[in-house]
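So you can see what is in the structure, the chains are spelled out below.
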Amino acid sequence: MTDSLLLITEDNGVRTIRINRPDKLNALNAATIDALDAAFSDAEADDSVRVVVLTGSGPKAFVAGADISEMNTLTPVQGRDFSLRGTRMMRGVEKLTKPVIAMVNGFALGGGLELAMCCHLRIAADSAKVGQPEINLGLIPGFGGTQRLLRLAGRAATLELCLTGAPITAERALQLGIVNRVVPAAELEAETMKLAGQLANAAPLALRGMLDCVNIGGECGMEEGLEYESVQFGLVFSTEDMREGTSAFLEKRKPAFNGR
Ligand code: COA
C-alpha cells in the first residue's frame, strides 16, 4: 500500500508507516496529518496488524515539525483548528489498541517530537536530535507537547526544552526519559524491527490491556487506576491466549498466541 505522503509496508504483523516528504524533512502539513489519521485507523481495523512502526523518509529527519509554510498565514481560528487536527490524530495514535513504536531516525522537532511522544515506545538513532523549538518562531507547542513532555520527563525538562527551544541529543533524551533506547544509526532499523517482532509475537489482548491501563491510569487517581487494572486483569482470563501462555509455561514449551 503506497501513496505519496506515506509509504506503508507490512511484514509478519509489523506495519511500517513512513512519512514521505524528505525534501521538507517530513514536516507535518494538514494533508500529512490526515493521511496519518487514516493510516492509523486502517492499522487499528486490520487484524493482521499486531504492531506499528512509525518513522520518516530520508537520512535526516523523523519529522522536523509542523509545516511552517502552512502555519505562516493561519488566522487564530485556523490555528486552533490546525492544533485540533494534529492533536486528534495523535490522541488516536496514543489510544491505538496495538503497540506503536517511533523509530526516530533523525530530527524530531516540534510536531515531530510531539508525534514521537504519542507513540508507546521510542527508539532513537544516536545521531537524532529532539526538541520543542516553537519559541524560535514565536509559537508554543500545539500538538500536546507541553502536556506529554510534562508527563514523560517532568517539569524541569519540559520547561528547559520549551522555554529555550534548544534541541538535545538522543543520549540526553534517554537520560531524561524522553526516549526508551538509543542505538547506533546504522543499527536503528534492525533493532527496531527486533523489538517490533517480539511484540508482534506477544499476546495481543494482554498488550491491549496494558496499553489501556497505562492510558487510563495515567490520567486518574491511584485508587481508580488500581481498580481499572484489576478489571483488566480479570478480563484477560477470558482469553485463549492466557490459557495458552500459562499452560505453555507449565508444559515447558513456547506459547503460540492467536489473539483470542
Ligand atoms: N516546516 C516546513 N518546512 C520545513 C520544516 C518545517 N518544520 N523543517 C524543514 N523544512 C524544509 C526547509 O524549509 C527546507 O525546504 P527548502 O529546501 O524548500 O528550502 C527543507 O525542509 C530542508 O530544510 P533545511 O532547513 O534546509 O535543512 P537543514 O539541514 O539546514 O536544517 C533543521 C535542519 C531541522 C535544523 C531546520 O530545517 C529547522 O530548523 N527546521 C524547523 C524546525 C522547527 O522549528 N520545527 C518546529 C515547527 S513548529
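This text follows the structure it describes.
Calculation notes
- Sequence order sets the numbering: in each chain, residues are counted from 1 along the sequence as written.
- Restriction of local features to residues with pLDDT of at least 70 applies here, the model being predicted, together with a cutoff of 80 or more for giving and counting side-chain atom pairs; totals for whole chains, interfaces and linings are based on all residues.
- Side-chain measures here rest on the full set of heavy atoms in the structure, leaving out hydrogens and waters.
- Only DSSP runs of H or I with at least four residues qualify as helices, and only runs of E with at least two residues qualify as strands; both kinds are numbered from the N terminus onward.
- Note that the radius of gyration is over C-alpha atoms, with the globule rule given as 2.2 Å times the number of residues to the power 0.38.
- Residue exposure (1.4 Å probe, protein chains only): buried if accessible area is under 20% of the type maximum, exposed if over 50%, otherwise partly exposed.
- We call a residue near a molecule or strand whenever a single non-hydrogen atom of that residue lies within 4 Å of it.
- Counting of polar contacts relies on pairs of N or O atoms within 3.5 Å, with two restrictions inside protein: one atom must be capable of donating a hydrogen and the other of accepting it, and residues adjacent in sequence are counted only when both atoms are side-chain atoms.
- Accessibility throughout is a Shrake-Rupley quantity obtained with a 1.4 Å probe, and a residue counts as covered only by protein chains that appear here.
- Gly falls in the polar group here, along with every residue not listed as nonpolar (Ala, Val, Leu, Ile, Met, Phe, Trp, Tyr, Cys, Pro) or charged (Asp, Glu, Lys, Arg).
- In this description, strands pair whenever DSSP reports at least two bridges between them.
- Throughout, a contact is declared for two residues whenever any of their heavy atoms are within 4.5 Å.
- Every angle, taken between N-to-C directions, lies between 0 and 180 degrees, and every axis is a line fitted to C-alpha atoms, over only the stretch in contact when it is a helix.
- Residues are called lining when one of their atoms sits within 4 Å of a cavity or pocket point, these points coming from a 1 Å grid over the protein atoms alone, where a cavity is a set in which a 1.4 Å probe fits but cannot get out and a pocket is an open set with protein on both sides within 12 Å along at least five of seven lines.
- Grid points are joined across faces, edges and corners, and a volume is the space filled by probe spheres set on the points.
- Angular relationships are summarised with four words: roughly parallel below 35 degrees, roughly antiparallel beyond 145, roughly perpendicular across 65 to 115, and oblique for the angles in between.

Draft legend 1. Here's a closer look at the overall build of the protein. Within the protein one finds 10 helices and 10 strands. Taking 2.2 N^0.38 as the reference for a compact globule, 260 residues should give roughly 18 Å; the C-alpha atoms of the protein span a radius of gyration of 19 Å, in line with that estimate. Along the first, second and third principal axes, the C-alpha atoms of the protein reach 60 × 40 × 35 Å. Each of the 260 residues in the protein was classed as buried or not, and the buried ones make up 42%.

Draft legend 2. How the structure looks around the site of the ligand. Every one of the 16 residues lining the ligand counts as a neighbour, but Lys24, Lys60, Ala64, Ala66 and Ile68 are closest to it. One of the backbone N or O atoms of aspartate 23 is found 3.4 Å from an oxygen atom in the ligand. Interatomic distance of 2.5 Å between a side-chain N/O atom of lysine 60 and an oxygen atom of the ligand. For the ligand, the protein covers 59% of the area, taking 860 Å² as the surface of the free molecule. For the shell around the ligand, the residue count by class is 10 nonpolar, 1 polar and 5 charged.

Draft legend 3. Structural detail: the sheet that holds strand S8 (residues 129-131). An order of S4-S6-S8-S9 is seen for the 4 strands of this open sheet, with the pairing classed as mixed. Where the open sheet ends on each side, the last strands, each with one partner, are strand S4 (61-63) and strand S9 (168-169). Bridge count between S4 and strand S6 (residues 107-109): 2 bridges; the pairing is parallel. Paired with alanine 61 across the strands is phenylalanine 107, a residue of S6. Relative to the sheet, helix H4 (residues 111-118) contacts S4, S6 and S8, its axis offset from that of S4 by approximately 75°.

Draft legend 4. Looking closely at the environment of isoleucine 140. One can find isoleucine 140 in the loop between S8 and helix H5 (145-164). A relative accessible area of 66% places isoleucine 140 in the exposed class. In the structure, isoleucine 140 is positioned 30 residues away from glycine 110 in sequence and 9.0 Å away in space, judged by C-alpha atoms.

Draft legend 5. Highlighting the layout of surface pockets. The calculated volume of the largest pocket comes to roughly 570 Å³. For the largest pocket, the lining is made up of 19 residues, of which Glu94, Arg151, Val214, Asn215 and Glu219 are closest to its centre. Those elements giving two or more residues to the lining of the largest pocket turn out to be helix H3 (76-94), H4, H5 and helix H8 (204-217). Taken as a whole, the second largest pocket holds about 490 Å³ of empty space. Forming the walls of the second largest pocket are 23 residues, and the residues nearest its centre are Ala66, Met71, Glu134, Leu139 and Ile140. Elements that contribute at least two residues to the lining of the second largest pocket include exactly helix H2 (68-71), H3 and H4. Of the residues that constitute the lining of the second largest pocket, the class distribution is 13 nonpolar, 8 polar and 2 charged.

Draft legend 6. Expanded view of the packing of H3 against H4. One can describe the packing of H3 onto H4 by two numbers: an axis separation of 8 Å at closest approach and a directional angle of 30°. Relative to H4, the element H3 is oriented roughly parallel. Of the residues in H4, those in contact with Met89, Met90, Val93 and Glu94 of H3 are Gly111, Glu114, Leu115 and Cys118. Of the residues in the contact of H3 with H4, the class split is 5 nonpolar, 1 polar and 2 charged.

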